[in-house]
Amino acid sequence: MSEKSIPKHVGYIVDGNRRWAKAQKLPTFEGHRRGLDVAIDITEATIAKGVDFVTLYLFSTENWKRAKDEVDFLMGLFGTLCGSLTKRLHKKNIRVVFLGNRTQNVKKKLLELIARAEELTKDNTGGTLSVCFNYGGQLEIVEACQKIIDQGLDADQLTVASFADYLYFPEIPPIDLLVRTSGEMRISNFMLWRAAYSELLFVEKTWPDMTEADIDYCLGEFSRRQRRFGGN
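So, a few notes on the structure that sits alongside this text. Throughout, residues of each chain are indexed from 1 in the direction in which the sequence is written. A pLDDT threshold of at least 70 governs which residues receive local features in this predicted model, and a stricter bar of 80 or more applies before side-chain atom pairs are shown or counted, although totals over entire chains, interfaces and linings include all residues. Where side-chain values are given, they derive from all heavy atoms of the structure, hydrogens and water being excluded.

Describing the sheet that holds strand S5 (residues 177–180)
Read across the open sheet, the six strands follow the order S3-S4-S2-S1-S5-S6; overall the sheet is parallel. On the outer flanks of this sheet lie strand S3 (95–99) and strand S6 (199–202), each paired with one strand and no other. Going from strand to strand, the sheet's axes swing by 20° on average, the running direction of each strand aside. When DSSP finds two or more bridges between two strands, those strands count as paired. Note on conventions: DSSP H or I runs of at least 4 residues are helices, E runs of at least 2 residues are strands, and numbering of each starts at the N terminus. Alignment of strand S1 (residues 9–13) against S5, held across four bridges, turns out to be parallel. Bridged to Tyr-12 within S5 is Val-179. Note on contacts: a residue pair is in contact if any heavy atoms of the two residues lie within 4.5 Å. Angles here are taken between N-to-C directions and fall from 0 to 180 degrees, while the axes themselves are lines fitted to C-alpha atoms, restricted in helices to the stretch in contact. Contacts between helix H2 (residues 28–48) and the sheet are confined to S1, strand S2 (53–60) and strand S4 (128–135), with S2 contributing the most and set at about 160° to the helix.

So this is what it looks like as structure tokens:
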């Protein structure tokens, strides 16, 4: 695979943890636990293949509607992600950032863990993992607009390029390849701004079944596509 064919940014919509657990006759929680382990494996393997940015859609603003015991378990998993799993990524020189709203619903203790994870890995240069947590693509755009209004920016100063400066972690580039697992064919409010010209790929496998071979398939599919940005 040529260097030019490798996407700079791959976004994964993590889907199918609960279906995987049901198929394995395991509790739902075990699907989420397995899904997080796979998320770290997939992140490391994707970056090792030359991708600079990996984004995982792990918890949306709508996921708070799930059963309380499931949400509580997921919050515990995010604590693990901020702790031992971030340390593992840190050893691989991978930066970790969290994209999403930090003022609604999230407990102070978890916010502190998120801040520590970001601080620990802020100088890493081997690749970036961005975790979409308490995230919604529409909300990100609304919050960007709020920042613009707060700063008193005149309407004629606003451009497509300058608007992107107000997104969460604006240094994260557009998504080149967006992959969703579990056979669902929608983007579910994921990175609406950055996904404007993404190549979309829908994989039948549930997320916990994803392997390095599946990454090779996704990157190979990307390399075979002719990208179009409206000009040809």
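After presenting the structure, the write-up continues.
Considering the environment of Val-203
Here Val-203 is to be found in the loop between S6 and helix H7 (212–224). Residue classification places Val-203 among the buried residues on the basis of a relative accessible area of 8%. Burial status follows relative accessibility: with a 1.4 Å probe on protein chains alone, a residue under 20% of its type maximum counts as buried, one over 50% as exposed, and anything between as partly exposed.

Brief notes about helix H4 (residues 108–121)
Here the expected length of a helix is defined as 1.5 Å per residue gap, with one fewer gap than residues. Helix length check: H4 (14 residues) gives 20 Å between terminal C-alpha atoms against 20 Å at 1.5 Å per residue, within 8%. For H4, the elements touching its buried residues are helix H3 (68–91), S3 and S4.

Re the pattern of salt bridges
What makes a salt bridge here is a side-chain nitrogen of Lys or Arg within 4 Å of a carboxyl oxygen of Asp or Glu, nothing more. Inspection of the entire model under this criterion finds 24 salt bridges. For the salt bridge of Lys-49 with Asp-216, the shortest nitrogen-to-oxygen distance reads 2.8 Å. Residue Lys-49 is located in the loop between H2 and S2, and its partner Asp-216 is located in helix H7; the two are separated by 167 residues in the primary sequence. Classification of Asp-216 by relative accessible area gives partly exposed; the value is 41%. Between Lys-205 and Asp-214 there is a salt bridge, with the nearest N and O atoms lying 2.9 Å from each other. Exposure remark for Lys-205: the relative accessible area of 33% places this residue in the partly exposed category. With relative accessibility at 12%, the residue Asp-214 sits in the buried group. Residues joined by salt bridges that share partners form a network here, namely Asp-176, Glu-199, Glu-221, Arg-224, Arg-225 and Arg-227.

Remarks on the nonpolar core
The biggest cluster of nonpolar side chains holds 44 residues, and the ones touching the most others in it are Tyr-12, Phe-98, Phe-133 and Trp-207. No other element matches the 10 residues that H3 contributes to this core. When neighbours within four sequence positions are excluded, Tyr-12 is seen to be in contact with Ile-42, Thr-46, Val-54, Thr-55, Leu-56, Tyr-57, Val-179, Phe-190, Trp-207 and Ile-215. Nonpolar core, defined: a set of buried Ala, Val, Leu, Ile, Met, Phe, Trp, Tyr and Cys residues in which side-chain atoms within 4.5 Å join the residues together. Among the nonpolar cores identified, the runner-up in size contains 14 residues, and Val-97, Leu-99, Ile-175 and Met-191 belong to it.

Quick look at the environment of Met-210
Checked against the element boundaries, Met-210 lands in the loop between S6 and H7. Under the relative-accessibility criterion, Met-210 is labelled buried at 4%. For the pair Met-210 and Asp-41, spaced 169 residues apart in sequence, the C-alpha to C-alpha distance is 9.4 Å. The contacts of Met-210, once residues within four sequence positions are left out, are Val-38, Ile-42, Thr-181, Val-203 and Lys-205.

Looking at the side chain of Arg-180
Considering the arrangement of structural elements, one finds Arg-180 in strand S5. Its relative accessible area of 5% is what places Arg-180 among the buried residues. What qualifies as a polar contact is a pair of N or O atoms within 3.5 Å, subject to a donor-acceptor requirement within protein and to the restriction that residues adjacent in sequence count only when both atoms come from side chains. Within the structure, Arg-180 has its side chain in polar contact with the backbone oxygen of Arg-186 (distance 2.9 Å). Filtering out sequence-adjacent residues up to four positions away, Arg-180 remains in contact with Ile-13, Asp-15, Arg-186, Ile-187, Ser-188, Leu-201, Phe-202 and Val-203.

Some thoughts on unusual backbone geometry
Positioned with a positive phi, Ser-188 is a non-glycine residue whose angle comes to about 50°. Along the chain, Ser-188 falls in the loop between S5 and S6. The phi torsion at Met-191 lies on the positive side, around 45°, for a residue other than glycine. Look at Met-191 and you get buried, because its relative accessible area is 0%.

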